[in-house]
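The residues making up each chain are set out below.
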Amino acid sequence: MALRLGDDAPNFTAVTTQGTIHFHEWLGNSWGVLFSHPKDFTPVCTTELGYVARIKPEFDRRNVKVIGLSVDPVDSHVKWEHDIEETQGTAVNFPMIGDPDRAVSTLYDMIHPNANDSLTVRSVFVIGPDKKVKLMITYPASTGRNFDEILRVIDSLQLTAQYKVATPANWRDGDDVIIGAAVSDEDATTLFPQGWTTVKPYLRVLKQPNR
Ligand code: BEZ
């Protein structure tokens, strides 16, 4: 059955470019981003992996481990990594899973047969330290992903895990936030003594609490 938000992120053992990993053990207490690309030695994927390598310090800063995957084997990934470094200017600095038997792709429903019956689509999963799936996005093979958006969502997930708030459209770290709908005004007075602005009874805006 397909994965849904809040489900346990399936555990697996896999061979990667940085050795064999047991996924949950590898994640430890970190957040995780697991993302698939359709195939090695393809142009869009080359730019994506180079970009993720370049912004890896942003994932590190947020205590997020990043791991890629395609249905090609690890020896192919390793050869391709030379091209990625040469063309994108950054060496791949995170593991990539080789999944020729599609074991992990199947666990995470990364092969969508009506798009392509043998290649993984561009899936992204964000996994929390509790090993639950927090975000899933699926892109078509022809569209490179916006990894800055993934960082933005991680900022929101980490903030909303800590405070009873939600983040509005196009929110970025530091912008005003919204008091969660389930929080009464009475409870909000205790939770947010700094106060808030009531735009409508259901739309209460406040400064980002940890700023
Ligand atoms: C690419 O990464 O460029 C790509 C991969 C598979 C299908 C189409 C494009």
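Fair warning: this is a prediction, and the values are worked out from it, not measured in the lab. (Residues numbered from 1 in each chain as written. Predicted model: local features only at pLDDT ≥ 70, side-chain atom pairs only at ≥ 80, totals over all residues. Heavy atoms only, no water.)

What follows concerns the overall build of the protein chain. Secondary structure assignment for the protein chain yields seven helices and eleven strands. With respect to the principal axes defined by its C-alpha atoms, the protein chain has extents near 60 × 40 × 30 Å. Across the 211 residues of the protein chain, 45% fall into the buried class. Residue pairs at least 24 apart in sequence account for 66% of intrachain contacts in the protein chain once pairs closer than 6 positions are excluded. When the accessible surface of the protein chain is totalled, it reaches about 10,700 Å², and 51% of it is carbon and sulfur. (Helix = DSSP H or I, 4+ residues; strand = E, 2+ residues; numbered from the N terminus. Buried < 20%, exposed > 50% of the residue type's maximum accessible area, 1.4 Å probe, protein only. Contact = heavy atoms within 4.5 Å. Areas by Shrake-Rupley, 256 points an atom, 1.4 Å probe, with all protein chains shown as cover.)

For the rest of this paragraph, the subject is the environment of histidine 22. Secondary-structure assignment places histidine 22 in strand β2 (residues 19-22). Taking the C-alpha atoms as reference, histidine 22 lies 5.9 Å from phenylalanine 12; in sequence the two are ten residues apart.

Counting residues in hydrophobic clusters, the biggest one holds 26 residues, and the most contacted among them are Val33, Phe35, Phe59, Phe94, Val126 and Ile150. When contributions to this core are tallied by element, the ones reaching two or more residues are β3 (31-36), α2 (43-54), β4 (64-70), α4 (74-88), β6 (122-127), β7 (133-139) and α6 (147-162). In terms of residues, this core owes the most to one element, α6, which gives six residues. Residues Leu3, Ala9, Ala14 and Leu34 belong to the second largest nonpolar core, which totals 18 residues. (Core = buried A, V, L, I, M, F, W, Y, C linked by side-chain atoms within 4.5 Å.)

Looking at the ligand, the residues that line it are Pro38, Thr42, Pro43, Val44, Cys45, Arg122 and Ala141. Here threonine 42 contributes a side-chain N or O atom positioned 3.1 Å from an oxygen atom of the ligand. About the coverage of the ligand: the protein hides 75% of its 260 Å² of free accessible area. Among the elements that line the shell around the ligand, the one with the most residues is α2, at three residues. (Near = heavy atom within 4 Å. Polar contact = N/O pair within 3.5 Å; in protein donor to acceptor, adjacent residues only side chain to side chain.)

All right, on to the pairing of strand β1 (residues 13-16) then. Alternating positions in β1 separate cleanly, Ala14 and Thr16 being buried on one face and Thr13 and Val15 remaining unburied on the opposite face. Here β1 pairs with β2 via four bridges, running antiparallel. Within β2, the position partnered with valine 15 by the bridge is threonine 20. (Pairing = 2+ DSSP bridges.)

Here we take up the packing of aromatic side chains. All chains considered together, the criterion is met by eight aromatic pairs. Ring centres of phenylalanine 12 and phenylalanine 23 lie 4.5 Å apart, and the angle between their planes is 15°; on these two criteria the pair is classed as stacked. Highlighted residues: phenylalanine 12 in the segment before β1 and phenylalanine 23 in helix α1 (residues 23-27), separated in sequence by eleven residues. The buried category is assigned to phenylalanine 12, whose relative accessible area is 7%. Taken together, a centroid distance of 5.3 Å and an interplanar angle of 65° make the contact between phenylalanine 35 and phenylalanine 147 edge-to-face. Taken together, the residues span a long stretch of sequence, with phenylalanine 35 in strand β3 and phenylalanine 147 in helix α6 at a distance of 112 residues. With respect to burial, phenylalanine 35 and phenylalanine 147 carry one shared label: buried. Ring-pair connections join several aromatic residues into one group, and the members of that group are Phe12, Phe23, Trp26, Tyr108 and Phe125. (Phe/Tyr/Trp six-rings, centres within 6.5 Å; stacked < 30°, edge-to-face > 60°.)

Let us look at the sheet that holds strand β8 (residues 165-166). One open sheet holds the four strands; their spatial order is β8-β9-β11-β10, and the pairing between them is antiparallel. Each of the sheet's edge strands pairs with one partner strand only, and the pair in question is β8 and β10 (197-200). Bridge analysis of strand β9 (residues 177-179) against strand β11 (residues 203-206) gives two bridges, and the strand direction is antiparallel. Paired with valine 177 across the two strands is leucine 206, which belongs to β11.

This brings us to the domain arrangement of the protein chain. Taken domain by domain, the protein chain holds domain 1 (13-145) and domain 2 (163-206). Placing a centre on the C-alpha atoms of domain 1 and another on those of domain 2 gives a separation of 35 Å. (Domains from an automatic or database assignment.)

As enumerated under the stated definition, the model contains twelve salt bridges in all. Between glutamate 48 and arginine 122 there is a salt bridge, with its nearest N and O atoms 2.9 Å apart. Of this pair, glutamate 48 sits in helix α2 while arginine 122 sits in strand β6; the two residues are 74 residues apart in sequence, bridging distant segments of the chain. On the accessibility criterion, glutamate 48 (3% relative accessible area) is buried. For glutamate 58, the salt bridge is made with arginine 61, and the minimal N-O distance between the two is 2.8 Å. Taken together, the residues span about one helical turn, with glutamate 58 and arginine 61 both in helix α3 (residues 56-61) at a distance of three residues. Via salt bridges that share partners, Glu58, Arg61, Arg62 and Asp155 belong to a single interconnected network. (Salt bridge = Lys/Arg side-chain N within 4 Å of Asp/Glu carboxyl O.)

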